[in-house]
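Structural features, examined
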Amino acid sequence: MDAPTTTSADNGTSGGSGEGGWFTPRRQPEPPAGGEQETTEGSRLAALRPVGRPAMNGGEAAQKRISPVAEAGPADVGTTEARADTANASPSDTPTPPQPDPQPRVPEQRSAPSQPASPDAVRVRRTMAEVAPIADKVTSYFYALLFVRHPDLRPMFPAAMDTQRDRLLKALLTAAEHIDNTDVLVAYLQNLGRGHRKYGTRPEHYPAVGECLIGSLSRYASAVWDEETEAAWVRTYTTISQIMIDAAAADELLAPAWWHAEVVSHDLRTSDVAVITVRPDQPYPFLAGQYTSLETPWWPRIWRHYSFASAPRSDGLLSFHVKAVPAGWVSNALVQHARPGDIIRLGPPAGSMTVDHTTDSGLLCLGGGTGIAPIKALVEDVAEHGERRPVEVFYGARTDHDLYDIDTMLRLQQIHPWLAVRPIVDQQAHVQLPDAIREYGPWNEFDAYLSGPPGMIRSGVHTLRDIGIPSERIRHDSVEELVAAVN
């Protein structure tokens, strides 16, 4: 199933508008007579320097450097992967052997935070409101600046930028917009920083991105741009990038930037859905419910997220459910072209949709389409722990044809008396998924897990809250939806 991507970071001590950050704002010089304003946009940022201090533990760094109403907040460097295909990932901080810790789950909030917005957050959001109607122009200008000023960075991006462009800037701006929401952003940015290792991102690349980000925003948000706004963005980006850098540095001591994996089986379940099993070239630690990013040999430097379709196996094999989507480069390559013997690359594992085995709460699982993959992994995980907690799975699909893995789920139901599997088919229109959830309740003693298209997650979360399940007991890994739900 499709899962979110990330470009994460640790946090940095870098707040303040003085010279402690990577770049220091200064007064914009008057354009030379007869010259164009654009020629001076980049020059008003002082010299950039990467921060070269030892990496701290990600969580420790976050606590030390970011407060709920922080001066600086997160923004995203690098690329984010599209939900057009599928993914998940997660890392940990303890050496030999690296065992992934479940990522802190991104909390969802029904109402706005009680704390008033910080001055920097106000300025950042004002900027974003100004550029929102012309996001395409901002994005194009950002990349033009980046590739003209730093041509050495161009090879790090896919040859076809149409699949890449919106993700980087969107990730940066999404993070910046939520600079006051520490709980959401620290884990998000740390994951992004670790995930960016597979692109070859180094600490010295971050200042270049920040310089071009601010150059683009200052050009297209000129109506609200001033020295204080520039200083706010400098602090925000500096903190964001330092979080990512520290997380990447810590992860470098524990795990490779990527794993090579050989395709060992390719099971075409329908004309557009395949179950693909691979063998990594070295141990790959992950948790059931997590996801990773995949790169194929057919489209270098293009990564997509896919959830693991099983709990960790003794033979070390990994399985993914992939649905070919229109214009999906990676998904179509995997479904239509991948064969046993092909070599793909895997990014690090990530994701917080994991089972808490310290409780005996039941699991209410909603899986739509290939979103059933991580749900199946969660069922296997509960079984392997020998628990007898009730697990209720609602398997949503548009048609019977889309229930491509129903036989597997029904076999699991036969084996485990504590498991109930309920297929819900939209086309039959007997009952819609939200109504089915209400009909089979109550669920006040259950933790909820959702996996599938963003629309399904959105409606599912709304339904679960409506029937009284607290937000902290609802788990899913759609980054875009999670961040949006915070507002």
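Residues numbered from 1 in each chain as written. Predicted model: local features only at pLDDT ≥ 70, side-chain atom pairs only at ≥ 80, totals over all residues. Heavy atoms only, no water.

Counting buried residues in strand E4 (residues 303-307) gives five out of five residues, a clear majority hidden from the surface. The alternating pattern of E4 places Trp-303, His-305 and Ser-307 and Arg-304 and Tyr-306 on opposite faces, both of which are buried. Pairing of strand E3 (residues 291-295) with E4, which is carried by five bridges, proceeds in the antiparallel orientation. The partner of Glu-295 across the bridge, within E4, is Trp-303. (Buried < 20%, exposed > 50% of the residue type's maximum accessible area, 1.4 Å probe, protein only. Helix = DSSP H or I, 4+ residues; strand = E, 2+ residues; numbered from the N terminus. Pairing = 2+ DSSP bridges.)

Of the residues in the protein, 71% have a pLDDT of 70 or more, and the chain-wide mean is 76. Predicted confidence for residues 1-113 stays below pLDDT 50, and this span has 420 contacts to residues more than four positions away or in other chains. With pLDDT under 50 throughout, residues 479-487 is counted as low confidence; its partners more than four residues away or in other chains account for 28 contacts. (pLDDT = per-residue confidence, 0-100. Contact = heavy atoms within 4.5 Å.)

Glancing now at the nonpolar core. Counting residues in each nonpolar core, the largest one holds 44 residues, and the members touching the most others are Phe-142, Leu-146, Leu-189, Leu-213, Leu-217 and Trp-233. Of all elements in the fold, only helix H2 (119-131), helix H3 (135-149), helix H4 (165-177), helix H5 (182-195), helix H6 (205-220) and helix H7 (227-252) reach the threshold of two or more residues within this core. No other element matches the eight residues that H6 contributes to this core. Excluding anything up to four places from it in sequence, Leu-217 contacts Thr-127, Val-131, Val-138, Leu-173, Ser-222, Trp-225 and Trp-233. (Core = buried A, V, L, I, M, F, W, Y, C linked by side-chain atoms within 4.5 Å.)

With that settled, consider helix H8 (residues 329-337). Among the residues of H8, Val-330, Ser-331, Ala-333, Leu-334 and Val-335 are the ones counted as buried. Looking at the buried residues of H8, the elements they touch are strand E1 (259-268), strand E2 (273-280), E3, E4, strand E5 (318-323) and strand E6 (343-346).

Turning to the sheet that holds E4, a few remarks are in order. Where strands meet in a sheet, backbone hydrogen bonds hold them as pairs that are either parallel or antiparallel. Pairing is antiparallel across the open sheet formed by six strands, whose spatial order is E4-E3-E6-E1-E2-E5. Two strands close off the open sheet at either side, each with one partner strand: E4 and E5. Strand-to-strand, the axes of this sheet are offset by a mean angle of 40 degrees, without reference to chain direction. (Axes fitted to C-alpha atoms, helices over the stretch in contact; angles between N-to-C directions.)

Following both chains from N to C, one finds H5 and H7 inclined at 55 degrees, their axes separated by 7 Å at the closest point. The angle between H5 and H7 falls in the class oblique. For the crossing formed where H5 meets H7, the hand is right-handed. In contact with Val-186, Leu-189, Gln-190, Leu-192, Gly-193 and Arg-194 of H5, H7 contributes Ile-240, Ile-243, Met-244, Ala-247, Ala-248 and Asp-251. Residue classes in the contact of H5 with H7 are distributed as eight nonpolar, two polar and two charged. (Parallel < 35°, antiparallel > 145°, perpendicular 65-115°, else oblique. Left-handed = near helix turned anticlockwise from the far one by under 90°. Nonpolar A, V, L, I, M, F, W, Y, C, P; charged D, E, K, R; others polar.)

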